[in-house]
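Remarks on the overall topology
Listed below are the residues making up each chain.
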Amino acid sequence: MLDLDMGAYGLYVWPAWAISALALIVLSARSALRARAVRRELERLEREGGASEAS
């Protein structure tokens, strides 16, 4: 079925997989947080811009 035994290479393969997975998780989280911050900033600027246009 699924053979996950890497033999002597497992010492190098599994940490490489773990580091790669961690990097993907961190990059995804940072991207999501940055997108949220940019969205909030855009909403704030749109509110401020709308208020100054009405004056």
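See the structure above.
Keep in mind that this is a model prediction, so the values were computed, not measured.

Quick notes on the overall build of the chain
A tally of helices and strands in the chain yields 1 helix and 0 strands. Relative to the compact-globule value of 10 Å for 55 residues, the chain shows a C-alpha radius of gyration of 23 Å, a clear excess of over 25%. Principal axes of the C-alpha set define a box for the chain whose edges measure 75 × 20 × 5 Å. Within the chain, the proportion of its 55 residues that are buried is 2%. For the chain, the accessible area works out to roughly 5,200 Å², and carbon and sulfur atoms hold 65% of it. If you average the places of the 7 positive and of the 7 negative side-chain charges in the chain, the two averages end up 7 Å apart.

A short note on the environment of Ala 35
Its location among the elements puts Ala 35 in helix H1 (residues 10-54). Separated by 22 residues in sequence, Ala 35 and Val 13 place their C-alpha atoms 33 Å apart.

So, the environment of Val 26
Counting through the fold element by element, Val 26 comes out in helix H1. When the C-alpha positions of Val 26 and Leu 2 are compared, they lie 28 Å apart, and in sequence the two are 24 residues distant.

Points about the pattern of salt bridges
The full count for this structure, using the stated rule, is 2 salt bridges. The partner of Arg 44 in a salt bridge is Glu 41, with the nearest N and O atoms 2.5 Å apart. Pair noted here: Arg 44 and Glu 41 are both in helix H1, with a separation of 3 residues, about one helical turn. Each of Glu 41, Arg 44 and Glu 48 takes part in salt bridges that share partners, so that together they form one network.

About the thresholds
- Residues numbered from 1 in each chain as written.
- Predicted model: local features only at pLDDT ≥ 70, side-chain atom pairs only at ≥ 80, totals over all residues.
- Heavy atoms only, no water.
- Helix = DSSP H or I, 4+ residues; strand = E, 2+ residues; numbered from the N terminus.
- Rg over C-alpha atoms; globule rule 2.2 N^0.38 Å.
- Buried < 20%, exposed > 50% of the residue type's maximum accessible area, 1.4 Å probe, protein only.
- Areas by Shrake-Rupley, 256 points an atom, 1.4 Å probe, with all protein chains shown as cover.
- Lys, Arg positive; Asp, Glu negative; His and termini not counted.
- Charge placed at Lys NZ, Arg CZ, Asp CG, Glu CD.
- Salt bridge = Lys/Arg side-chain N within 4 Å of Asp/Glu carboxyl O.

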